[in-house]
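Structure at a glance
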Amino acid sequence: MSEKTVVVALGHKALGTTLPEQKLATRETAKAIADLVEEGTRVVISHSNGPQVGMIHTAMNEFGKAHPDYTFAPMSVCSAMSQGYIGYDLQNAIRAELISRGIYKPVATILTQVVIDPYDDAFGEPEKVIGRVLNAEEAEAEEDKGNFVTETAPGEYRRILAAPKPQRIVEIETVRALTDAGQIVIAAGGGGIPVMEQGIDLHGASAIIEKDFASGLLAEELNADTLMILTSVEKVSLNHNTDQESYLDTISTEDAKKYIADDQFAAGSMLPKIEAGVSFVEKGTGRRTIITDMAHAKDGYCEKTGTDKKEVQRWIPIVAAIRKTKGKVEEQEMLGRYGFYESIDYTPERLRKNRKSEPVKNYMAHHQALILLSINNLFNNKFFQKRFMKNP
């Protein structure tokens, strides 16, 4: 049986805020990743970078102010820097934890660019606050350069950036090759380096990509089995922080969409996690999204805790098909104690008197699987043939 692929999206808690905090936090994070490796999975990791990229952006621009000969660092460059130094601590911590458990597996960080749509509506409504506090004069200068600013306190302003949806991961084939080679890969950190395509060139964009959406796209393009989003809570809840709060275990994508429509999840917090999870599950078969905290990552993967979203509708046609054909199957005595028999024999010279057919009373597990696969395929618009032709 081939290894299952899990994309793990790490939140702020997994990385800390300052450099010393990050060094300590990644050691704890490495334990959760090593647990998943011991479960026999192929692990690909994405991560947030909010505090880190903010620190880099502030430091580089302060340096630019003090040294006029140096240019200010664009947001795309700051994102690339954050991927490098977060990946450095993370891959070393994972490597050390694996070795301590007797596991020798390479860990690699990929500087990952993510293509965005320059016409994304998000550019008209920027929402991500970034960088240092500006005074009124500095804020006006930023606006003169075409940047957005917002007043965060009386007389205090900060840059605000768009959060466009990710369209395509540029280095996906590199990530896939390393994953297939058995390496643990860290990719699409901070949502990826936002870039726009201009001919054959890629140009950095002044934007921030939501980490959860980028993680979902990464899982989708890798055709992963599981998207695991590690956050600050063990389970997703409804009516959060109220007397009616209730926790979710396994839910369908349809239920998740209903809860989204009912505004059960906070924008910029749990909402993008739910939306990314639903999108990932619906675009494939046999997929699941798990949302839980770091301490319960292994239990969440083993479905002992966390909130698990599955496309339960894809399982229904198998049961429905069996129900629809059950009468005919029983007529022909094809349904035995352990499921369907091997086949039906219609050869006249081998049949008993007054019989039109005779069941061949054998069981072969792989044939049972093919029967179920064929029924499922029939009622799901030939999805298996399409998948097969897509990945020859």
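Here goes a summary of the coordinates provided. (Residues numbered from 1 in each chain as written. Predicted model: local features only at pLDDT ≥ 70, side-chain atom pairs only at ≥ 80, totals over all residues. Heavy atoms only, no water.)

1. Here we look at the packing of aromatic side chains
Aromatic ring pairs are described here by two measures, namely the spacing of the ring centres and the angle between the planes. We apply this condition: Classification of ring pairs uses Phe, Tyr and Trp, with its six-membered ring standing for Trp, and accepts pairs whose centres are within 6.5 Å; under 30 degrees between planes counts as stacked, over 60 as edge-to-face, and the remaining range as tilted. Accessibility here uses a 1.4 Å probe with only protein chains present; expressed as a share of the type maximum, an area under 20% marks a residue as buried, one over 50% as exposed, and anything in between as partly exposed. Consider the ring centre and the ring normal. A charge sits over the ring if Lys NZ or Arg CZ is within 6 Å of that centre and within 35 degrees of that normal.
Applying the stated criterion across every chain, the model contains one aromatic pair. The interplanar angle of 85° and the centroid separation of 6.5 Å between the aromatic rings of Y259 and F265 together place this pair among those described as edge-to-face. Neither Y259 nor F265 differs from the other in exposure class; each is buried. The side chain of K165 reaches across the aromatic face of F213, ending 4.7 Å from its centre. The side chain of R288 reaches across the aromatic face of Y301, ending 4.6 Å from its centre.

2. Regarding helix α5 (residues 172-180)
This is how it is decided: Under the DSSP-based scheme used, a helix requires at least four consecutive residues in state H or I and a strand at least two consecutive residues in state E, with every element numbered from the N terminus. The directions considered for the arc run from the helix axis to the C-beta atoms.
Along α5, the residues that are buried comprise I172, V175 and T179. Looking straight down α5, one finds its buried side chains confined to an arc of 65°; they lie on one side. Opposite the buried face of α5, at more than 90 degrees from it, the exposed residues are E173 and D180. Phi turns positive, to about 90°, at G182, one or two residues after α5.

3. Here's the deal with the nonpolar core
We apply this condition: For our purposes a nonpolar core is just a set of buried Ala, Val, Leu, Ile, Met, Phe, Trp, Tyr and Cys residues, chained together by side-chain atoms within 4.5 Å.
Ranked by size, the top nonpolar core spans 38 residues in total, and within it V7, V175, L218, F265 and I274 carry the most contacts. Among the elements that make up this core, the one with the highest residue count is helix α8 (residues 271-282) (five residues). In this structure, A14, A32, A34 and M228 belong to the second largest nonpolar core, which totals 25 residues.

4. Section: the packing of helix α1 (residues 19-38) against helix α3 (residues 75-100)
This is how the line gets drawn: Between the N-to-C directions of two axes lies an angle of 0 to 180 degrees, each axis being a line fitted to C-alpha atoms and, for a helix, fitted only over the stretch in contact. Each angle is binned into one of four classes, with values under 35 degrees roughly parallel, values over 145 roughly antiparallel, values of 65 to 115 roughly perpendicular, and all other values oblique. With the far helix as reference, a near helix turned anticlockwise by less than a right angle produces a left-handed crossing, and one turned clockwise produces a right-handed crossing. Only heavy atoms matter for contacts: two residues are in contact if any of them lie within 4.5 Å across the pair. Under the scheme applied, nonpolar residues are Ala, Val, Leu, Ile, Met, Phe, Trp, Tyr, Cys and Pro; charged residues are Asp, Glu, Lys and Arg; polar residues are all the others, including Gly.
With their axes 8 Å apart at the nearest point, α1 and α3 run at an angle of 50° to one another. Classified by the angle between their axes, α1 and α3 sit oblique to one another. Viewed along their axes, α1 and α3 form a crossing whose handedness is right-handed. Together, L19, Q22, K23, T26, R27, T29, A30, K31, I33, A34 and V37 of α1 and Y85, I86, Y88, D89, L90, A93, I94, E97 and L98 of α3 make up the contact between the two elements. When the residues that make up the contact of α1 with α3 are grouped by side-chain class, the tally is 12 nonpolar, three polar and five charged.

5. What to know about the pairing of strand β11 (residues 201-204)
Put simply, the rule is: Note on pairing: DSSP must find at least two bridges between two strands before they are called paired.
Sheet topology places strand β10 (residues 193-198) next to β11; four bridges connect them, and they run antiparallel. If you follow E197 over to β11, its bridge partner there is L202. Linking β10 to β11, which pair antiparallel, is a turn of two residues; within it G199 sits at a positive phi near 65°.

6. A short note on the sheet that holds β11
Strand order in this open sheet of four strands is β8-β4-β10-β11, and the pairing throughout is mixed. Each edge of the sheet is formed by a strand with only one pairing partner; in this case those strands are β8 (166-169) and β11. Strand-to-strand, the axes of this sheet are offset by a mean angle of 45°, without reference to chain direction. Relative to β10, strand β4 (residues 113-116) runs parallel, the two sharing three bridges. Pairing of Q113 across the sheet is with I193, part of β10. Sitting on the sheet, α3 touches β10 and β11, and the angle it makes with β10 is about 130°.

7. Observations concerning the pattern of salt bridges
Defined as follows: Counted as salt bridges are all cases of a side-chain nitrogen of Lys or Arg within 4 Å of a carboxyl oxygen of Asp or Glu.
The tally for this structure, following the rule as stated, stands at 20 salt bridges. Among the ionic pairs, R101 bridges to E97, the shortest N-O distance being 2.9 Å. What makes E97 buried here is its relative accessible area of 16%. Here K128 ties to E210 by a salt bridge, and the two come within 3.1 Å at their closest N and O atoms. With K128 in strand β5 (residues 128-134) and E210 in the loop between β11 and α6 (211-221), this pair connects stretches of sequence that are 82 residues apart. The exposure class assigned to K128 is partly exposed, which follows from its relative accessible area of 21%. Look at E210 and you get buried, because its relative accessible area is 12%. Shared partners join several salt bridges into a network, and the residues in it are D35, E38, E97 and R101.

8. Focus on the packing of α6 against α8
What describes two packed helices is the angle between their axes and the distance between those same axes. Where α6 meets α8, the axes come as close as 8 Å, and the angle between the chain directions of the two elements is 15°. Here α8 runs roughly parallel to α6, going by the angle between their axes. In the crossing of α6 with α8, the sense of the turn from one axis to the other is right-handed. Contacts from D212, F213, G216, A219 and E220 of α6 reach α8 at P272, K273, E275, A276 and F280. Class assignment of the residues belonging to the contact of α6 with α8 gives a composition of five nonpolar, one polar and four charged.

9. Some points on unusual backbone geometry
Backbone geometry at A188 places phi at a positive 55°, although glycine is not the residue there. Position of A188 among the secondary structure elements: in the loop between β9 (184-186) and β10. Not every positive phi belongs to a glycine, and N239 is a case in point at roughly 50°. In this fold, N239 is placed in the loop between β13 (237-238) and β14 (246-247). For N239, a relative accessible area of 31% puts it in the partly exposed group.

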